[in-house]
Amino acid sequence: MENTITEKPTYKSFALHNFRKIPQMEQLPEELKKEIEVVGSVLPFKANNYVVDELINWDNVPDDPIYTLTFPKREMLIPQHYRRIEKLIDEGASKMQIKEEANKIRAELNPHPAGQLEHNVPMIEGQKLTGMQHKYRETVLFFPSQGQTCHAYCTFCFRWPQFVGMDEWKFAMKETELLVKYLKEHPEVTDILFTGGDPMIMKNKIFSTYIDALLDADLPNLQTIRIGTKALAYWPYKFLTDDDAQQTLHTFRKIAHKGINLAIMAHFNHPVEMSTDAAKEAIKEIRKTGAQIRTQSPLMKHINDSAEIWAEMWREQVNQNCIPYYMFLARDTGAQHYFKVSLVDAWEIFRNAYQQISGVCRTVRGPSMSADPGKVQILGVSEVNDQKVLSLRFLQGRDPDWIGKPFFAEYDEETYWLDELKPAFGEEKFFFEN
Ligand SMILES: *Cc1c(COP(=O)(O)O)cnc(C)c1O
Ligand code: SF4
């Protein structure tokens, strides 16, 4: 055994059907359990024994940030939606009736923000590659079909429709053949980003088939393989004591030995997720393979909406050899009304946190919106000709020519997303609109 973690925990998931058996639930009032039942009928809900035993401080429930991250709460549905489901449950409605009503509500929650399903699907020989997305020139997203779930679900996740079985998931892809072919035909692509769900839910047996196919193809353009994952926060034993932990690390090593940069894009929302022995050890094990770990998180009210939390998180990440990468804003979907932070507030939190950290932590960029035209960063509030404006720029764009060009929007403290902004100085459109 390479790491110092000696117990070998068995993964156990908790969802609507068994959450009442969680021992820590006993101390909670019935009211909170009912909330889980009502909201969990509409939004995805999955926790696990690590999250429950190691991350949540049960003395601080319901305000605890990790409880809020993983357990459904009343305010995550608007009151009218909440009452519709609560009524059915109180009346003893059947599972089918509740599901029908839940689907109606889900359809009202903007299940596909930023044109997720329709846009950016690449083609090869007239065939749609539905398990891929190619939006930004250098980077292709790949959704392996066996990686479309997670070790637990985040209550704010914009991918929630796939977890509640609302769409048959159109993204997922089984074959690497077409992926390899596409990369050969697109020499401009340098990065492939495995995403999901969480690709680290895959057993190494499957994961390594994808990786081997890529490595064996000897693609001269392929420089970086990225893996988007929350496993370090939700199930670090994946890299420590799970049956395939050592093999998974071995697959990482193979990538590094091939001379390809391996970047684990780790999703951390709160410093507590980095505080356990298991998380620390897992980070070390991954780093030993030659992989980098870059970190990203959305900014979420009730979970991490303070500069102190972010400063602490970035410091801790650098101390543990991770590279802070992105701070995102909450997308307009699901429970966004509960989690959203205004653009102006987000910028202030970012700036206050950024001021508290050393230069080595300032690799992070944000706050950024992953919107339809691209990733847009809020640079801040400026005054131009005595007029307060919001200054923004593209970090990524459908058109690479948009990147890095500052542009201005009318100052408005009540805006939460790009499409709510108005161009400053009386202009009719932003430069990227036509
Ligand atoms: C964020 C993102 C990427 C990666 O962008 P980087 O700025 O290179 O990290 C690629 N594709 C899509 C669709 C994205 O949203
Ligand atoms: S781990 Fe990622 S994909 Fe999974 S629920 Fe959380 S945000 Fe969504």
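Residues numbered from 1 in each chain as written. Chains lettered and ligands numbered in written order. Predicted model: local features only at pLDDT ≥ 70, side-chain atom pairs only at ≥ 80, totals over all residues. Heavy atoms only, no water.

For the protein, the name recorded in an unreviewed UniProt entry is Lysine 2,3-aminomutase, with Chryseobacterium suipulveris as its organism. UniProt's Sequence similarities (unreviewed entry) comment on the protein is quoted here verbatim: "Belongs to the radical SAM superfamily. KamA family." (UniProt positions renumbered as here; feature names shortened; annotations may be inferred.)

*Asks:* Any chance you could break down the environment of Ile-22 for me, citing the residues and the numbers?
*Replies:* Within the secondary structure layout, Ile-22 lies in the loop between strand 1 (13-14) and helix 1 (30-39). The spacing of Ile-22 and Asn-49 is 27 residues in sequence and 8.6 Å in space, taken between C-alpha atoms. Among all residues touching Ile-22, those that are not within four sequence positions of it are Phe-14, Val-52 and Phe-71. (Helix = DSSP H or I, 4+ residues; strand = E, 2+ residues; numbered from the N terminus. Contact = heavy atoms within 4.5 Å.)

*Asks:* Run through the pattern of salt bridges, naming residues and quoting values.
*Replies:* Applying the stated criterion across every chain yields a total of 20 salt bridges. Across the pair Asp-90 and Lys-34 runs a salt bridge whose closest N-O atoms are separated by 2.9 Å. Pair noted here: Asp-90 is in helix 4 (residues 79-90) and Lys-34 is in helix 1, with a separation of 56 residues, a long-range link. Exposure remark for Asp-90: the relative accessible area of 53% places this residue in the exposed category. Under the relative-accessibility criterion, Lys-34 is labelled partly exposed at 24%. (Salt bridge = Lys/Arg side-chain N within 4 Å of Asp/Glu carboxyl O. Buried < 20%, exposed > 50% of the residue type's maximum accessible area, 1.4 Å probe, protein only.)

*Asks:* Go over the nonpolar core, please, and point to the residues and values.
*Replies:* In this structure, Phe-71, Leu-214, Ile-225 and Phe-252 are the most contacted members of the largest nonpolar core, which totals 96 residues. For Ile-225, the contacting residues outside a window of four places in its chain are Ile-192, Phe-194, Ile-211, Leu-214, Leu-215, Ile-255, Ile-260, Asn-261, Leu-262 and Ala-263. With 34 residues, the next largest nonpolar core counts Met-327, Phe-350, Val-376 and Trp-402 among its residues. (Core = buried A, V, L, I, M, F, W, Y, C linked by side-chain atoms within 4.5 Å.)

*Asks:* So what about the site of ligand 1? Which residues, and what values?
*Replies:* In the vicinity of ligand 1, the contacting residues are Lys-135, Tyr-136, Thr-139, Leu-141, Arg-226, Tyr-325, Tyr-326, Lys-375 and Gln-396. A distance of 2.7 Å separates an oxygen atom of ligand 1 from a polar side-chain atom of Arg-226. Within the side chain of Gln-396, one N or O atom sits 3.1 Å away from an oxygen atom of ligand 1. When isolated, ligand 1 has an accessible area of 390 Å², and the protein chains bury 87% of it. Among the secondary structure elements, those contributing two or more residues to the shell around ligand 1 are strand 5 (132-136), strand 6 (139-142) and strand 11 (323-328). Looking at the shell around ligand 1 residue by residue, the classes come out as 4 nonpolar, 2 polar and 3 charged. (Near = heavy atom within 4 Å. Polar contact = N/O pair within 3.5 Å; in protein donor to acceptor, adjacent residues only side chain to side chain. Areas by Shrake-Rupley, 256 points an atom, 1.4 Å probe, with all protein chains shown as cover. Nonpolar A, V, L, I, M, F, W, Y, C, P; charged D, E, K, R; others polar.)

*Asks:* Explain the sheet that holds strand 12 (residues 365-370) to me, using residue names and the numbers behind them.
*Replies:* If you trace the 11 strands from one edge of the open sheet to the other, you get 5-6-7-8-9-10-11-12-13-14-15, paired in mixed fashion. Of all strands in the sheet, those bounded by a partner on one side alone are strand 5 and strand 15 (407-410). For this sheet the average axis-to-axis angle between neighbouring strands, irrespective of direction, equals 30 degrees. In the sheet, strand 12 pairs with strand 13 (residues 374-384) via 3 bridges, with the strands oriented antiparallel. Among the inter-strand pairings, Ser-368 is bridged to a residue of strand 13, identified as Gln-377. (Pairing = 2+ DSSP bridges. Axes fitted to C-alpha atoms, helices over the stretch in contact; angles between N-to-C directions.)

*Asks:* Can you lay out the pairing of strand 14 (residues 387-397) for me, pointing to particular residues and giving the numbers?
*Replies:* Within strand 14, 8 of the 11 residues are buried, which leaves the element mostly enclosed by the surrounding structure. For strand 13 and strand 14, the ladder comprises 10 bridges, and the chain directions are antiparallel. Residue pairing across strands places Gly-374 opposite Gly-397, the latter belonging to strand 14. The hairpin formed by strand 13 and strand 14 contains 2 residues between the paired strands, and Asn-385 there has a positive phi angle of roughly 50 degrees. In terms of strand pairing, strand 14 meets strand 15 through 4 bridges, oriented antiparallel. By the bridge assignment, Ser-391 is partnered in strand 15 with Phe-408.

*Asks:* Before we move on, could you go through the pairing of strand 7 (residues 191-194) and cite the residues and values that matter?
*Replies:* Note on strand geometry: in a regular strand, side chains alternate between the two faces of the sheet. Going residue by residue along strand 7, you find Asp-191 and Leu-193 tucked away on one face and Ile-192 and Phe-194 tucked away on the opposite face as well. Here strand 6 runs beside strand 7; their pairing, made up of 4 bridges, is parallel. From the neighbouring strand, Phe-142 faces strand 7, where its bridge partner is Phe-194. Of the strand pairs in this sheet, strand 7 and strand 8 (residues 224-229) are connected by 4 bridges, and their pairing is parallel. If you follow Leu-193 over to strand 8, its bridge partner there is Arg-226. Tracing the backbone out of strand 7, into helix 8 (residues 204-216) and back to the parallel element strand 8 gives a crossover that is right-handed. (Right-handed = clockwise from strand over helix to strand, strands pointing away.)

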